[in-house]
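# Summary of structural features
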Amino acid sequence: MDRSSEIREFLRTRRARITPEQAGLVPHGGARRVPGLRREEVAQLAGVSVDYYIRLERGRTQGISETVLEAVARALQLDDTERAHLFDLAQPTAARARRKRPLAPQRVHPVLYRTLDSLDVPAVVQGRRTDVLAANKLAHTLYTDFEARPRRERNFARFVFLDEAARSLYADWDQVAGDCLAMLRLYAGRHPDDPQLTELIGELSLHSDTFRRMWADHDVQAHTSGTKRLHHPIAGDLTLDYLVLAVEGDPEQTLTIYTPEPASPSAEALALLAGWTGTVLHGQPRGHRYSR
């Protein structure tokens, strides 16, 4: 991934979504040639010269201070995740070079495997690039049997964008796809030199027109909680709340737990699915499988 083009497109798409009125500016008369803010308007809001802002938008970040980045983030009304992404993209060249060292393979701690085994709701351990590192049996059955796939294909982005079953499973597929892609884009800002990321993006771009179109939006998001609506071929309709927990010792590993409202139709549907898989809820023996 080319860092200069990433910064340019990220800043361009962020200023395109803000009108002068939203930014508190009085628009000049006449037709506007660009959607949203012009470069000179961002510079005005950030309190820097137009040339200085253009230099940043072209990816020439050497010597750009954190104060300027903060001012640009405020001018573009970036949220905390977008601000962090801008800082990742604009970090000094020396720091970027240090991070070109190969990434060590991710391992799931044995205690985390036991935690999965103790849960009677679907749970997934996710790593870099939306890789599925481990899951309990109920999660495999709810989504797809990641364990049965080749290791390189145990990935949520590949599942969402390339597996037709995902479109039938997710009632809000467009939202799920957008969320998945935004998390992947956030990771790309931290690790643009990851060869497995490059391979993944190339594969998704080649085989999914939707991914290619959405990837150009440069949206970033970090999800810690939310709701998924699913239509499972066995259990039927389910609404599950999810919570994303950080894994101590590896900031790029998370544990996601999916739970239904107690005594709800979704709880009954999940119990049906657990019975179909041989997983007994409420403290009984389970027999989970993992993507070791």
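Residues numbered from 1 in each chain as written. Predicted model: local features only at pLDDT ≥ 70, side-chain atom pairs only at ≥ 80, totals over all residues. Heavy atoms only, no water.

Attention now moves to the packing of helix 1 (residues 3–16) against helix 5 (residues 80–89). For the pair helix 1 and helix 5, the least separation of the axes is 10 Å and the interaxial angle reads 150°. Between helix 1 and helix 5, the angle is such that the two are roughly antiparallel. Here the hand of the crossing between helix 1 and helix 5 comes out left-handed. Touching Arg3, Glu6, Ile7, Phe10, Leu11 and Arg14 of helix 1 are Glu82, His85, Leu86 and Leu89, all from helix 5. Residues belonging to the contact of helix 1 with helix 5 are distributed by class as follows: five nonpolar, one polar and four charged. (Axes fitted to C-alpha atoms, helices over the stretch in contact; angles between N-to-C directions. Helix = DSSP H or I, 4+ residues; strand = E, 2+ residues; numbered from the N terminus. Parallel < 35°, antiparallel > 145°, perpendicular 65-115°, else oblique. Left-handed = near helix turned anticlockwise from the far one by under 90°. Contact = heavy atoms within 4.5 Å. Nonpolar A, V, L, I, M, F, W, Y, C, P; charged D, E, K, R; others polar.)

This brings us to the pairing of strand 5 (residues 250–259). For strand 5, the buried fraction is high: seven of the ten residues fall into the buried class. By the bridge criterion, four bridges tie strand 1 (residues 123–126) to strand 5 in an arrangement that is antiparallel. From the neighbouring strand, Ala123 faces strand 5, where its bridge partner is Ile257. Taken together, the seven bridges between strand 4 (residues 236–247) and strand 5 define a ladder with antiparallel strand orientation. Paired with Leu243 across the two strands is Ile257, which belongs to strand 5. Two successive antiparallel strands, strand 4 and strand 5, enclose a turn made up of two residues, where Gly249 displays a positive phi of approximately 100°. (Buried < 20%, exposed > 50% of the residue type's maximum accessible area, 1.4 Å probe, protein only. Pairing = 2+ DSSP bridges.)

This part covers the pairing of strand 4. The side chains of a regular strand alternate, residue by residue, between the two faces of the sheet. As defined by bridge partners, strand 3 (residues 225–232) adjoins strand 4 across eight bridges and the pair is classed as antiparallel. The residue bridging His231 from the neighbouring strand is Asp237, located in strand 4. Counting the residues between successive antiparallel strands, the hairpin from strand 3 to strand 4 contains three residues.

Turning next to the sheet that holds strand 2 (residues 132–135). Strand order in the open sheet formed by five strands is 2-1-5-4-3, and the pairing between neighbours is antiparallel. With one partner strand each, in any of the chains shown, strand 2 and strand 3 form the two edges of the open sheet. Shown here is a sheet whose adjacent strand axes are inclined to one another by a mean of 25°, direction ignored.

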